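Each chain, letter by letter, is given below.
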Amino acid sequence: MPSTHRLAIVGTGGIAHLHAAELRRHVPDRFELVAAVDPDAGRLADFTAKFGLERGYASIEELLANEELDLVDLCTPPVAHGPGAIAALEAGVGVVCEKPPALSLEEFDRIAAAAAASKGDFAIISQHRFGSAAERVRNMTAAGVLGKLAVAKCDTLWYRAPEYFAVDWRGRWETEGGGPTMGHGIHQIDTLLSLVGPWSEVVATAHRHRRDTNTEDVSHAIVTLESGASVVITNSLLSPREVSQIRLDFDNATVELDHLYGYSDANWTVTPLEEHVEEVMQAWYSKPRGQSSGHGAQFARIADALDGNAAPPVAIGEARRTLELLAAIYASAFTGKRIRAGEIDPTSPFYQRMDGSGAPWPDRK
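Quick caveat, the model's predicted, so the values are computed rather than measured.

### As for the overall build of the protein
Along the protein, the regular secondary structure elements total 13 helices and 14 strands. Relative to its length of 365 residues, the protein is compact, with a C-alpha radius of gyration of 20 Å against a globular reference of 21 Å. The principal-axis extent of the C-alpha atoms belonging to the protein is close to 60 × 55 × 40 Å. Scored against the burial criterion, the 365 residues of the protein give a buried share of 56%.

### Comments concerning the nonpolar core
Counting 88 residues, the largest nonpolar core has Leu63, Val72, Val202, Leu248 and Trp268 as its most contacted members. Among the nonpolar cores identified, the runner-up in size contains 21 residues, and Leu33, Phe47, Leu71 and Val96 belong to it.

### Observations concerning the packing of aromatic side chains
The tally for this structure, following the rule as stated, stands at 11 aromatic pairs. Residues tryptophan 158 and tyrosine 261 carry aromatic rings whose centres are separated by 4.8 Å and whose planes lie at 85° to one another, so their mutual orientation is edge-to-face. One end of the pair, tryptophan 158, is in strand 7 (residues 149-159); the other, tyrosine 261, is in the loop between strand 12 (253-259) and strand 13 (268-272), with 103 residues separating them in the sequence. Residue class for tryptophan 158 comes out buried when judged on its relative accessible area of 11%. Relative to tryptophan 284, the ring of tryptophan 268 lies with its centre 6.4 Å away and its plane at 45°, an arrangement referred to as tilted. Residue tryptophan 268 is located in strand 13, and its partner tryptophan 284 is located in helix 10 (residues 277-284); the two are separated by 16 residues in the primary sequence. In this structure, tryptophan 268 and tryptophan 284 share a single accessibility class: buried. An aromatic cluster is defined as three or more aromatic residues linked by ring pairs; in this entry it consists of Trp173, Tyr330, Phe334 and Trp361. Sitting over the face of the ring of tryptophan 284, arginine 136 holds its NZ or CZ atom 4.1 Å from the ring centroid. For arginine 160, the ring lying beneath its charged end belongs to tyrosine 164, and the centroid distance is 5.5 Å.

### Quick word on the environment of glutamate 201
Within the secondary structure, glutamate 201 is located in strand 8 (residues 199-207). Classification of glutamate 201 as buried rests on a relative accessible area of 16%. As for glutamate 201 and glycine 52, which are separated by 149 residues in sequence, their C-alpha atoms are 49 Å apart. Apart from residues no more than four positions distant in its own chain, glutamate 201 is found in contact with Ile222, Val223, Thr224, Arg338, Ile339 and Arg340. At a separation of 2.8 Å, a polar atom in the side chain of glutamate 201 contacts the side chain of arginine 338. Of note is the side chain of glutamate 201, whose polar atom sits 3.5 Å from the side chain of arginine 340.

### Focus: the sheet that holds strand 13
Within the open sheet, the 8 strands sit side by side as 13-12-11-7-10-9-8-14. Their pairing is mixed. The outermost strands of the open sheet, each flanked by one partner alone, are strand 13 and strand 14 (339-340). In this structure, strand 12 lies alongside strand 13, joined through 5 bridges in antiparallel fashion. Of the residues in strand 13, the one forming a bridge with alanine 253 is proline 272. Each of strand 7, strand 8, strand 9 (218-225), strand 10 (230-236), strand 11 (238-250), strand 12 and strand 13 is contacted by helix 9 (residues 186-196), which is oriented at about 5° to strand 11, the strand it contacts most. Along the sheet face, helix 12 (residues 316-335) touches strand 8, strand 9, strand 10 and strand 14 and points at about 50° away from the line of strand 8.

Rules of the game
- Residues numbered from 1 in each chain as written.
- Predicted model: local features only at pLDDT ≥ 70, side-chain atom pairs only at ≥ 80, totals over all residues.
- Heavy atoms only, no water.
- Helix = DSSP H or I, 4+ residues; strand = E, 2+ residues; numbered from the N terminus.
- Rg over C-alpha atoms; globule rule 2.2 N^0.38 Å.
- Buried < 20%, exposed > 50% of the residue type's maximum accessible area, 1.4 Å probe, protein only.
- Core = buried A, V, L, I, M, F, W, Y, C linked by side-chain atoms within 4.5 Å.
- Phe/Tyr/Trp six-rings, centres within 6.5 Å; stacked < 30°, edge-to-face > 60°.
- Lys NZ or Arg CZ within 6 Å of the ring centre and 35° of its normal.
- Contact = heavy atoms within 4.5 Å.
- Polar contact = N/O pair within 3.5 Å; in protein donor to acceptor, adjacent residues only side chain to side chain.
- Pairing = 2+ DSSP bridges.
- Axes fitted to C-alpha atoms, helices over the stretch in contact; angles between N-to-C directions.

Here it is as structure tokens:
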């Protein structure tokens, strides 16, 4: 029988409200939300009152000293992800963390080391992996129905007004880790990699066109996959008509996803070549069906993993692969060089910080 797992949310901003609502809506019998953490007493009080929590704490250390937990859900600004994850893992408590999982590969590897020494696991929120349509595409690819991938694109074209960056931690390398590449496009990029497999090398550019930030507001990358296929990636916060898109051109069919912040089966389109219509469409209309992407879908998978004493998705190795690609995009953009997978090691400044030895524009924050 499924168990009920004790969970606490750390951070009580907008994403924490979304997580709490999704937990209550989709998996109310599988997670017990027992406490929340925020150093802002007023914000903490509002959150605990809204969700009927009896206990709130000013720090994760106070939480861990007073609660028996199965999972900590990190919904803090990115600068607090690493310290919070390591504190929980050292206390033997599992962690699920909002994006990005860390500010750098160096910090991520310290989290990974803490997880390896802990009875708890570390997982990253990547809710777009868990819609049924994405699962069908992975199944169709594995079965060879679509043929080999040749070309792909992955666009996160969003709009964030100047006021969005008035929040002090946004737009700074040392607190947010990067701009739309790191903080917004990461979900689409991670979903892409879950569909197409590992990357091999990247050439990229990054720009600060409009916003008063230290980070970029646009980036472009051309990625070569291990399979040999090529992918074009654009991340933008300057696009008034917002859209999130993935297009995959296989030998036998084109698969397209067009959505914004979440998708259902209806957001996907499959266009097979005439000679492959029957086999492709038969596979496309097979199960699984009807599961939209979203935090609720991922929390259900996390509960399944905890029930089976397995590592929850998305685990260390997959999360690092995505973060390494983001680091490589910045490294290529700021050095003008082609960056290969595995090249950013502890001797590289881009291992320590996403902006490496510094962005090619002056700070504005």
